[in-house]
Amino acid sequence: MAVGKNLREDPQVLIQAINEICLELDTIRLMEVCGTHTVSLFRSGVRSLLPANLRLVSGPGCPVCVTSQGYIDAAIDATRLDNVTLCTYGDMLRVPGRAGSLESRRAEGAAIEICYSIRDALRYAGANKDRQVIFLSVGFETTAPAAAQAVLEAEQKDLQNFTILSGHKLVMPALGALLASGDMPIDGFLLPGHVSVIIGSDAYADLVDVHAKCCAVAGFEPLQMLSAIRALAAQLRHGTPRLENVYGVAVSGAGNRHALSSLDRVFDEADTVWRAMGTIPLSGLELKDEFGRFDARKRFGLTIGDDYDPPGCRCGEVIQGRLDPPDCALFGAECTHEQPIGPCMVSGEGTCAAWYRYGPAKTQGGRP
Amino acid sequence: MKQTSSSHVVLAHGGGGELTRKLLSERVIPRLANEFLDPLTDSAVLPAVEGEICFTTDSYVVEPLIFPGGDIGRLAICGTVNDLAVMGARPLALSVGLILEEGLPLELLDRVVDSMAAAAKEAAVPVVTGDTKVIEQRGGSGMTITTAGVGAMRAGFRPGAGLIEAGDRVIVSGLIAEHGLAVMAARESLGIDSLLKSDAAPLAGLVKTVCDACHTIRFVRDPTRGGVAGVVADLVDDAALGVEIEESALPIAPAVRHAAELLGLDPLTVANEGKIVIVVSEEDAERALEACRSHPLGRAATIVGRIVESDPPLAELITRIGGRLVIQRPYGEELPRIC
């Protein structure tokens, strides 16, 4: 079986194969869609071993980075409500908003709990019935099913003090919007394993059928990422875009029906604002009306305001693969891991944070 | 349960009166007893020492107070002993300052003091003086400990980054990232705590064993907060040389690797409390390694990298597939990630 063979292959053999194929190609640009891929490609050293004419660019796949400033501001507003504890993933804490960050609000005494999953927030609400608990529910199809399950459980337990501020987003509408803009020099997509487990590889059909892009689904181990990159390079050399799945062990064509049906049960697809990309039709998830009492927006009258860029910040271009972090004037100067200006520097999955953390361009391949 | 002065710390325990005397004489001093502490004079009187004196202090806060493999008491003794040990000093005496929050169960205090006594015994260092204060409940973990320590410097031995040369080898004395992940897993109730244990241990004996065995030890540091990454980043800054660490050589227990992946943390940046990073000359590297492994706290010691000429000076990780990436010290609090 092809997958088993790929997984057993030697990374050195794969690297050599990629280099040989790329000798016959002009510069190619592959987008890794997912923030976990961005980090893993650096962390495993894969980037440093790729030929110079193979460029890896990041896509809109870091949950914190694609979250609009309006959402961040709404979250900060929520910390000023009476008797409210805000529960959030750690990554969200340091994103600057108009009036400071959640981290600075926490330092000022606001009740903010860091959670590893929405289940922690649910437990916290169950154990602290005198507090209103708002969970900052962000993320793609990977975290959304757990959010759906949590809302169903809150309903079943009749929890009166648990709500979510949904910032959930969907991967495919964003890729569609990127390609529809018409000026994206992307030759192929390295598609994310985790999201694909949920939505299934069939969900990407349009990328090949409509947009004629090369596609490969991979997990996050170096061998998988190298196998997928080799597959993409080979497709480009032969001029035969198709969808390959080197993560077949976990990813099926149809995805996880159980997870998808819980999403359908709880959420409606809705037009959603993405950082710097504007409103993308049906690209986000909002709680259905029947679950309105678990919607923090409705219960507390929170409004998600306009999106805007912090002055000089070019995260919007970074998440669309239009700019490498070192080409932003703020990168490494005003904007550092210690004092981040934009979300791509804050999040552990952020492209700027990965570039900043894993070192100067000279050690990283794929840069001209 | 009602909190009384017989079951919990109350403000009066710190008032300097009868309750204070009772707390100390019944619960603290007997557990730590030794010939220097027992006179209970305002200061301890220690015998004269030949040569230079090494002196250090550190404060300890940890949540939860008790975690798999240790507690705040063990940490407070080991941490200060290790700060002396990595200077090559022989620890001579420790002080302990306890700041207790009212409401702390006395049973918990007993357990922590017992643990300090056990760790001090393990390190063969007496606690010779101390102080106890009680503060109002502030919603903290209930207890803060400050320890200080004095030690006798080893004659003719002053390790430091300035001695490091290209070609030197980098050794870590055992499995890394255990302490930080054990505490985090306990704090967050991850349900994987049973597999993770803090490595907190007093290391003066291990350092002495290594220093006795070879004379070209350039540098010793305990990779506590900031982990091994923090130490090698400091090394590069201070020595103005490069460091190459082989990822495949790093000793990491499977449970630790798994927990780190789950939390999105890099084991290189996670705290250790019972390990040392040693830089030693190339020709003495095997001897230093053997010496480490001959000690119970250094059985899993490994040569993980080497010092190289590099311009600019960089700490680099050579990954399993032969790639390279820069090792940097982590920023502040390591935060768990989304999904």
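Residues numbered from 1 in each chain as written. Chains lettered and ligands numbered in written order. Predicted model: local features only at pLDDT ≥ 70, side-chain atom pairs only at ≥ 80, totals over all residues.

Asks: How should the environment of Glu113(A) be read in this particular structure?
Replies: Residue and element names in this part refer to chain A. Summarising the element assignment, Glu113 is placed in strand β4 (residues 112-115). Sequence spacing of Glu113 and Leu86 is 27 residues, and the spatial spacing of their C-alpha atoms is 6.2 Å. Contacts of Glu113, omitting those with residues within four sequence positions, involve Thr85, Cys87 and Tyr124. (Helix = DSSP H or I, 4+ residues; strand = E, 2+ residues; numbered from the N terminus. Contact = placed C-beta atoms within 7 Å.)

Asks: Would you take a moment to explain the interface of chain A and chain B for this structure?
Replies: How big an interface is tends to be stated in terms of accessible area lost as the parts join. With 31 residues of chain A at the contact, the number on the chain B side is 17 residues. Only α3 (35-43), α4 (63-66) and β5 (132-139) of chain A provide two or more residues apiece to the side of chain A that touches chain B. Considered class by class, the residues forming the side of chain A that touches chain B number 14 nonpolar, 12 polar and 5 charged. (Nonpolar A, V, L, I, M, F, W, Y, C, P; charged D, E, K, R; others polar.)

Asks: Quick question: what am I supposed to make of the pairing of strand β3 (residues 84-89) of chain A here?
Replies: Side-chain direction in a regular strand flips from residue to residue, so the side chains alternate between the two faces of the sheet. Residue and element names in this part refer to chain A. Extensive coverage of β3 is indicated by the burial of 5 of its 6 residues. Direction of pairing for β3 relative to β5: parallel, over a ladder of 4 bridges. Looking across to β5, one finds that Val84 is bridged to Gln132. The handedness of the β3 to β4 crossover, carried by helix α6 (residues 102-107), is right-handed. (Buried ≥ 20, exposed ≤ 12 C-beta atoms within 10 Å, placed from the backbone. Pairing = 2+ DSSP bridges. Right-handed = clockwise from strand over helix to strand, strands pointing away.)

Asks: Any chance you could explain the environment of Lys197(B) here in plain terms?
Replies: Residues and elements named next belong to chain B. Of note, Lys197 is situated in the loop between α4 (178-187) and α5 (204-213). Since 19 C-beta atoms lie within 10 Å of it, Lys197 is described here as partly exposed. The sequence separation of Lys197 and Ala123 amounts to 74 residues, and the corresponding C-alpha distance is 20 Å.

Asks: In this structure, what is going on with the domain arrangement of chain B? I would like to understand it.
Replies: Residues and elements named next belong to chain B. For chain B, the domain assignment lists domain 1 (11-152) and domain 2 (161-326). Put simply, the middle of domain 1 and the middle of domain 2, counted by C-alpha atoms, are 28 Å apart. Sorting the residues of the side of domain 1 that touches domain 2 by element identifies α2 (72-85), β4 (90-101) and α3 (106-123) as the ones contributing at least two each. Residue contributions to the side of domain 1 that touches domain 2 peak at 9 residues, all from α2. Partitioning the side of domain 1 that touches domain 2 into residue classes produces 14 nonpolar, 5 polar and 4 charged. (Domains from an automatic or database assignment.)

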